[in-house]
There are 2 protein chains.
Amino acid sequence: MQAVAERANVSPSTVSLYLRRPEAVAAATGQAITGAIDELGYVPNLVAGGLAAAASRAVSIIVPSVRNAFFAETVAAMQAELGKERLQVMLGHSEYSDREEESLVRTALSWAPSAIVLTGQSHSAGTRKILAAGNTPVVEIWELGGQSIDMTIGFSHDKVGRTAAEYLVGRGRRQLAFLGARMQEDRRANTRAQGFVQEALRLAGLHAEIIGNPARAGVELGALLLGQALERVPDIDGIACSNDHIALGVLFECQRRGISVPGDIAVVGFGDLDFAGSCIPTLTTIRPPGDLIGTEAARVIINHVRGDRSDSHCVIDTGFRLVERQSA
Amino acid sequence: MQAVAERANVSPSTVSLYLRRPEAVAAATGQAITGAIDELGYVPNLVAGGLAAAASRAVSIIVPSVRNAFFAETVAAMQAELGKERLQVMLGHSEYSDREEESLVRTALSWAPSAIVLTGQSHSAGTRKILAAGNTPVVEIWELGGQSIDMTIGFSHDKVGRTAAEYLVGRGRRQLAFLGARMQEDRRANTRAQGFVQEALRLAGLHAEIIGNPARAGVELGALLLGQALERVPDIDGIACSNDHIALGVLFECQRRGISVPGDIAVVGFGDLDFAGSCIPTLTTIRPPGDLIGTEAARVIINHVRGDRSDSHCVIDTGFRLVERQSA
DNA sequence: TTGAAAGCGCTAACAC
DNA sequence: GTGTTAGCGCTTTCAA
């Protein structure tokens, strides 16, 4: 920056000012600086900038895993938006562990990020404490209805479960089950299951079974869970799944066993993943707005970085959408 | 750090030393420092550390998109390994654009990262130039056989294509096609297609068709491409796909059209994605070692950070594996 | 509209 | 094994 300043016949602080607020510098001066930057191939050092400014242009995003298509979508959307503002995405994977999340938050804070993004609203006491101690803006995504730390963007998983129940009950289904994976760790899947059960009871006095498995959500698991469901609820006619992978496994297993979908059993998924529109039968599912969550999170962060604090403690309900197809 | 030092009755530089190389400090001194850190809730400032050390503990990873399950797997594996060494993952998405990649590399360099990870070996001249100008270690992943910048970890996509062709030809298939998406942008898919065509010709003098589409790889596209394949090669009996999503779409469309797999058409995928083992029929596919690529990349980076330069300019062939199942 | 000056919190020679 | 010292490359008052 010193070299650029000399070449442009200005002081380093003017170069710095120009880089951050070009409109505050005279047009001619700006031209000279731009020229010098190009000639020298100057690359600003954001680490030094972050130190001097006491806040780096980094945004720390902590998700359970980017292997999960939901979070991959959100992370990709956020990166695209934040990148436009030259904000760097720093990524961490909690692997559904509150302890790991706490450790990642601690590390994240070491980077003096412009914001920290966390998945869900359930965190360790330690996480809440260190976050409360500082004043880094926090955005919680993909969940709503719990105790917010700061800003919150997501939807109600309870409502998702209730919507699935309402839909199946409304189509005359009476023997219901909810199939899920990792229900201990994945609080959101658990909330969907509870909403499903409660709504089935409330609407029609039905008792819906929850059939869970600690394994990772996958197509294979869906097939396995269907088998268990058939044992526990022999005349089952309606199934909601904690995600589309499981639902796809159910569809395959039904095909293998000669069970008609939706004739014998109606199946509702969650996710609206890639294959949902083209599998056999096509999958009725609930679509969470993963990209919208990402762009909204980026928006409130960018506003905050610009000094606009109006989104502070906001709660944004992005909603979700039931996509009707053949399976239910 | 100053406060910690005072509380532990040592100098700040001893605290710094202890934090970076605990074994270089006397045990008793270390205890005192640990105690002071806990009492004060000290969180080191990695931005300041990065500035002073002229290299931050950040690793910049640039992939086409983390929405793609292949890269998600690699990114997740790398993050897990790098995290153990307190190295931060910074993420960027090139969206298969060399220009975007160049811009991301430029920004990455602003962070003085410990290493930069790029996907593939095809980059813009500008990218190569700015990377050559600095001395940040570069790891290219997911591709082999091209011109390396520095370290390279991946496998031969040409061989993947040849393996698929050899397998199909070996099973007596004679009317072949390769179905792919985004073949202009995705050089690696393109290389697989070329390898497929050349090997079919070399082994049995067969002319294999390449059927491409600029759309994003997806299940729906697979169904569409099968339709085109049937028009272009009416008596087609062997299909290789640029990834498993497309292969799944082919399986569904075959089922809809009453085409038997593998009876009428044998199908080979690429990816060994989640559903490959449980779809109907189960999918014969080629499994790229996404996680191994990630852990190996992390390993060479960690070695470099520790001062071990022995991996410099290494080329690691991770290979791949053909997984035989029902579809071929 | 521009510049001078004082750090930001740490690291890494080097001396002790 | 520990401390002294001199920055790392910027940002940000504040004054001109």
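To be clear, the structure that these remarks concern was listed above.
Report on the accompanying structure. (Residues numbered from 1 in each chain as written. Chains lettered and ligands numbered in written order. Predicted model: local features only at pLDDT ≥ 70, side-chain atom pairs only at ≥ 80, totals over all residues. Heavy atoms only, no water.)

### Let's talk about the interface of chain A and chain B
Many authors give the size of an interface as the accessible area that is lost as the parts come together.
Here is step 1 of the chain: Contact with chain A, which involves 46 residues of that partner, is made by 45 residues of chain B.
Here is step 2 of the chain: Summed over both partners, the interface of chain A with chain B comes to about 4,400 Å²; 64% of that surface belongs to carbon and sulfur atoms.
Here is step 3 of the chain: Its largest share of buried area at the contact with chain B, chain A owes to V47, Q88 and W111 of chain A, together 16% of the area lost on that side.
Here is step 4 of the chain: On inspection of chain A and its partner chain B, the count reaches zero salt bridges. (Contact = heavy atoms within 4.5 Å. Buried area = accessible area lost by both parts, 1.4 Å probe. Salt bridge = Lys/Arg side-chain N within 4 Å of Asp/Glu carboxyl O.)

### Focus on the nonpolar core
General note: in soluble globular proteins, nonpolar side chains tend to be found buried as a group.
Here is step 1 of the chain: Core analysis: the biggest nonpolar cluster contains 167 residues, and I301 of chain A together with I301 of chain B have the highest contact counts within it.
Here is step 2 of the chain: Discounting chain neighbours no more than four positions away, the residues touching I301 of chain A are V59, M78, L82, L87, A115, V117 and V139 of chain A.
Here is step 3 of the chain: In terms of nonpolar packing, the next biggest core, distinct from the first, is built from 10 residues, V4, A8, V15 and I37 of chain A among them. (Core = buried A, V, L, I, M, F, W, Y, C linked by side-chain atoms within 4.5 Å. Buried < 20%, exposed > 50% of the residue type's maximum accessible area, 1.4 Å probe, protein only.)

### So, the sheet that holds strand β1 (residues 58-63) of chain B
Here is step 1 of the chain: Judged by pairing direction, the sheet is mixed, and its 12 strands sit side by side in the order β11(A)-β5(A)-β4(A)-β3(A)-β1(A)-β2(A)-β2(B)-β1(B)-β3(B)-β4(B)-β5(B)-β11(B) without closing on themselves. Each edge of the open sheet carries a strand with a single partner, namely β11 (315-317) of chain A together with β11 (315-317) of chain B. If you compare each strand with its neighbour and ignore which way they point, the axes differ by 20 degrees on average.
Here is step 2 of the chain: Where strand β4 (residues 138-141) of chain B and strand β5 (residues 151-154) of chain B come together, three bridges link them in parallel fashion. (Pairing = 2+ DSSP bridges. Helix = DSSP H or I, 4+ residues; strand = E, 2+ residues; numbered from the N terminus. Axes fitted to C-alpha atoms, helices over the stretch in contact; angles between N-to-C directions.)

### Quick notes on the packing of aromatic side chains
Here is step 1 of the chain: Under the counting rule described, the total for this entry stands at 15 aromatic pairs over all chains.
Here is step 2 of the chain: Centroid distance F155 of chain B to F270 of chain B: 6.4 Å. Interplanar angle 50 degrees. Geometry classified as tilted. A residue pair is termed long-range when its members are at least 10 positions apart, and F155 of chain B in the loop between β5 and α8 (157-170) and F270 of chain B in strand β9 (residues 266-270) qualify at 115 residues. Per residue, the accessibility class of F155 of chain B equals that of F270 of chain B, and both read buried.
Here is step 3 of the chain: Over the ring of F270 of chain A we find R192 of chain A, and its NZ or CZ is 4.0 Å from the ring centre. (Phe/Tyr/Trp six-rings, centres within 6.5 Å; stacked < 30°, edge-to-face > 60°. Lys NZ or Arg CZ within 6 Å of the ring centre and 35° of its normal.)

### Considering the sheet that holds strand β10 (residues 284-287) of chain A
Within a sheet, each strand pairs with its neighbour through backbone hydrogen bonds, oriented either parallel or antiparallel.
Residue and element names in this part refer to chain A.
Here is step 1 of the chain: Pairing within the open sheet is mixed, and its six strands lie in the order β7-β6-β8-β9-β10-β12. Looking at which strands have only one partner, the edges of the open sheet turn out to be β7 (209-213) and β12 (321-323). Averaged over neighbouring strand pairs, the angle between their axes works out to 20 degrees when direction is ignored.
Here is step 2 of the chain: Sheet topology note: the β10/β12 ladder contains three bridges and is antiparallel. Of the residues in β12, the one forming a bridge with I286 is L322.
Here is step 3 of the chain: Helix α8 (residues 157-170) rests against β6 (176-181), β8 (238-241), β9 (266-270), β10 and β12 of the sheet, and its axis sits at about 165 degrees to β9.
Here is step 4 of the chain: Lying over the sheet, helix α9 (residues 187-204) contacts β6, β7, β8 and β9, oriented at roughly 175 degrees with respect to β6.

### Some words on the protein's contact with DNA strand D
Here is step 1 of the chain: Around DNA strand D there are 22 residues in total, and S16 of chain A together with S11, S13, T14 and T29 of chain B lie nearest to it.
Here is step 2 of the chain: When the atoms of DNA strand D within 4 Å of the protein are sorted by group, sugar and phosphate make up 67%.
Here is step 3 of the chain: With respect to DNA strand D, the side chain of S16 of chain A contributes an N or O atom lying 2.3 Å from a phosphate oxygen.
Here is step 4 of the chain: One of the side-chain N or O atoms of R20 of chain A is found 3.0 Å from a phosphate oxygen in DNA strand D.
Here is step 5 of the chain: Sorting the residues of the surface near DNA strand D by element identifies α2 (12-20) and α4 (46-53) of chain A together with α2 (12-20) and α4 (46-53) of chain B as the ones contributing at least two each. (Near = heavy atom within 4 Å. Polar contact = N/O pair within 3.5 Å; in protein donor to acceptor, adjacent residues only side chain to side chain.)

### Examining the relation of the copies chain A and chain B
Here is step 1 of the chain: With an RMSD of 0.2 Å, the operation that places chain A on chain B is a rotation of 180 degrees combined with a shift of 0.1 Å along the axis. Expressed as an axis order, the relation between the two copies is that of a two-fold axis. In terms of C-alpha distance to the rotation axis, chain A has M90 of chain A as its closest residue, with the C-alpha 2.2 Å off the axis. (Least-squares fit on C-alpha atoms with pLDDT ≥ 70 in both.)

### A short note on unusual backbone geometry
Here is step 1 of the chain: In this chain, V261 of chain B is followed by P262 of chain B through a cis amide linkage whose omega measures 5 degrees.
Here is step 2 of the chain: Here P262 of chain B shows up in the loop between α11 (244-257) and β9.
Here is step 3 of the chain: Omega for the bond connecting I280 of chain B with P281 of chain B falls within 30 degrees of zero, at -10 degrees, which places this linkage in the cis form.
Here is step 4 of the chain: Along the polypeptide, P281 of chain B turns up in the loop between β9 and β10 (284-287).
Here is step 5 of the chain: The backbone of R182 of chain A shows a phi angle near 50 degrees, a positive value even though the residue is not glycine.
Here is step 6 of the chain: Mapped onto the elements of the fold, R182 of chain A is located in the loop between β6 and α9.

Bear in mind that shape data such as this cannot, by itself, settle questions of function.
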